[in-house]
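Single-letter residue listing:
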Amino acid sequence: GEAGGGDITDTSGGKSTSIDPHDAAEFFRSRIPNFKFVYISPSHCRDRGAELWATLRNAFLMCKFARRADWWEPLEGKDNVSAGIFLAGKKTERLVRVFASGSDRGNDEPEDHGPRVVVSNGYVDFVLGPDAELISTPTDTTPAVIRFGQKTRGYNNLYALSQHLRQIQKSRMWKFTQGQSMIGGPSPRTASSLLCKGRLNVYDDRLLSLLTDEFILCIRNLQALTMPDERNAIDDVKTELALLEADFATTKGNASSDDGSESKALTAADVTKRTDMFVGFAIRKNFHPTEGRLARLRKAGDRFRACFEAACSDESAENGGDDEEKAGHEEEKRYALKEEEEMPAFFLGKLLQKGALLEDVFDSPDTGGDSLKIHTALDIVSGNCLWLDLIRRAVSVESDSARTCLWNCGLADAGLHNLFLDDERLWLFDLGEPAVQPVPAFLTKFLMSYFHAFGMEDVDEDKSSGDVEAETGKAAVPQWVRRFAVDENKHRLHLTTDTANVIPKVYDAFQYTVDRMIESLFDGEEAVRDLVVRYVVLQILSDCAFCVDRWTSKGGGSKSVGNHHTDLHKWLWRALWDLYIASDFAAKMLKGGSWAKCSNSKCSGEKRQSE
């Protein structure tokens, strides 16, 4: 039917099975949450811009008064919660009302206007449109009851209303709460929690086999739902690659042109969205020369190191004049750290420096071994236009599933932490905006989460080993298991015993899953393994940068007044885990820690010959 692009033949396991698009649609209906409602409260509909302007005005007036009253100095630079409350502007909440027609609002509006949302001072009005009857208005505990007549279908009115609301929501940056059905069975458990507890392993592979089978089945059904005109993108990508390579050859080294002018060097910013999509959006977000996550990691490393350098002294500020101004500039170059943030920040500063080795921070788990004499993953992926090589590999694969695209049903972050798994089936949640991408790119979030999940495992309440955070006496804040133990001098790290014991099993589980997918989805083509290994390295590094960004967005590293966020250091420990495991993974899966060639014996770059 019109819902999909036609039947897909599944030939895994030597059997030929045709998947009908309608069956594929039902497959996902049974495995994703059903939408129930959108909860919109007065607090959701605030004018945050006006509130921020009011806060800025109050801060200016308070600063002006405080300096005149000579009590600014003891207040400056401190987390004064009561001062933050005083500075906050008046809340601009709006009541939400529902009307059958515009005339019911009492504004002399004609009744023939369609469904719409009207925003005014103090109110957000939902007008249902013609032929609608409001049986009962919404209360704090019950929804509105609406009846539509024969002239128009209720679905059409509500759909038009939702589209108008979406435009207003986007322009005003409102966030609403979505209600959906519960999935995952009586006691939902994420696949990541099973992995961290060692239950997804090759020694008792029942759950691991179920997870792999179910995810392969997800991909087969997504392929059945993909329209024919969505599948082929590789020709356009090859055309752009040829142009990019020609530009790279012309501008290599940023050489001067014949007329003496300097040529603009080729960067990741020159890659189109379509080509970026083909490699899982791994290029622009990571390799952009100024805004990319890899560049931001380097800058963050500089600021972390500046916190601990001898030059970061406050003595110059006491001399006044130019020295005071210079000290102010130096202060802008470093983060303001809390005591609990200093340790992870120190280690991140060392590892984010060019040329850093894992052994600069970590003790090797092997006595007398040299397994940590390797460069960080950040160094490995920092080659000249390395992203061009990624495109080349993506278009060089030969199996049909690796070259054609699928519609991902909004499963943009289908990692183990966003999957429920019981003894019989898999459920999927946390859907985003649907996109079209090749299968290897789609697999990135799923495969990287085998390692990424360990950075955000929730601390068990009854767990008291060295892996967990110490009690702070503050209000309960969700914490993650810390994967590193610190030596007595606090200058070295090593994996905790629990982590060191489980990670080899995770590598085995990863290889088992990839082996199965190579056979079932990609006709045994090992070049696909080589490609997804690179995707995984980049995605874990990308999450490292995301953690540092999240730390700063919540107030980490700044002298904020009245910051209500606590225990932000967990984001730095998680970033440290990402950097460690990305580097360890690259060392094991890439030959000599080099991007040039995959070290896995199965990655021959050719299809496996049938026996």
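Located above this text is the structure these notes cover.
Each value, and the rule that gives it
Residues numbered from 1 in each chain as written. Predicted model: local features only at pLDDT ≥ 70, side-chain atom pairs only at ≥ 80, totals over all residues. Heavy atoms only, no water. Helix = DSSP H or I, 4+ residues; strand = E, 2+ residues; numbered from the N terminus. Buried < 20%, exposed > 50% of the residue type's maximum accessible area, 1.4 Å probe, protein only. Contact = heavy atoms within 4.5 Å. Areas by Shrake-Rupley, 256 points an atom, 1.4 Å probe, with all protein chains shown as cover. Core = buried A, V, L, I, M, F, W, Y, C linked by side-chain atoms within 4.5 Å. Salt bridge = Lys/Arg side-chain N within 4 Å of Asp/Glu carboxyl O. Expected span 1.5 Å × (residues − 1). Arc of directions from axis to C-beta. Axes fitted to C-alpha atoms, helices over the stretch in contact; angles between N-to-C directions. Parallel < 35°, antiparallel > 145°, perpendicular 65-115°, else oblique. Left-handed = near helix turned anticlockwise from the far one by under 90°. Nonpolar A, V, L, I, M, F, W, Y, C, P; charged D, E, K, R; others polar.

## What to know about the overall build of the protein chain
- Assigned secondary structure in the protein chain consists of 20 helices and 15 strands.
- Residue burial in the protein chain is summarised as follows: out of 611 residues, 45% are buried.
- The long-range share in the protein chain, meaning contacts at least 24 apart out of those at least 6 apart in sequence, stands at 73%.
- Carbon and sulfur atoms make up 50% of the accessible area of the protein chain, which amounts to about 31900 Å² in all.

## Here's the deal with the nonpolar core
- Counting residues in hydrophobic clusters, the biggest one holds 136 residues, and the most contacted among them are L211, F215, W387 and Y450.
- Of the residues forming this core, the biggest block, 16 residues, is contributed by helix α19 (residues 527-553).
- Residues within four places of L211 in sequence aside, it is in contact with A191, L200, L416, L419, L421, L426, F446 and Y450.
- Ranked by size, the runner-up nonpolar core spans 13 residues in total, among them I40, V124, A132 and W174.

## Topic: the pattern of salt bridges
- Summed over all chains, the structure comprises 24 salt bridges.
- With a closest N to O distance of 3.6 Å, R147 and E133 form a salt bridge. Here R147, found in strand β8 (residues 145-148), pairs with E133, found in strand β7 (residues 132-136); they are 14 residues apart in sequence, far enough to count as distant.
- Looking at E133, the relative accessible area reads 40%, which means it is partly exposed.
- One salt bridge connects R534 with D530, and the closest N-O pair in it is separated by 2.8 Å. Taken together, the positions of R534 and D530, both in helix α19 and four residues apart, correspond to about one turn of that helix. Each member of the pair, R534 as well as D530, is classed as buried.
- One network of salt bridges, in which partners are shared, links D389, R393, D530 and R534.

## A word on helix α8 (residues 234-251)
- With 18 residues, α8 extends 25 Å between its outermost C-alpha atoms, agreeing within 8% with the 26 Å of an ideal straight helix rising 1.5 Å per residue.
- For α8, the set of buried residues is I234, V237, E240, L241, L244, F248 and T251. An end-on view of α8 places all buried positions within 115° of arc, on one side of the element. In α8, the exposed residues that point more than 90 degrees away from the buried face are L243, A249 and T250.

## Let's talk about the packing of helix α6 (residues 206-224) against helix α17 (residues 439-452)
- Closest axis-to-axis distance for the α6/α17 pair is 12 Å, and the angle between their directions is 155°. Taken together, α6 and α17 sit at an angle that is classed as roughly antiparallel. Read as a crossing pair, α6 and α17 show a hand that is right-handed. When α6 is examined against α17, the residues L208, L211, F215, I219, L222 and Q223 are found in contact with a partner set consisting of V439, F442, L443, F446 and Y450.
- Residue composition of the contact of α6 with α17, grouped by class: ten nonpolar, one polar and no charged.

Any link to function would need more than the numbers given here.
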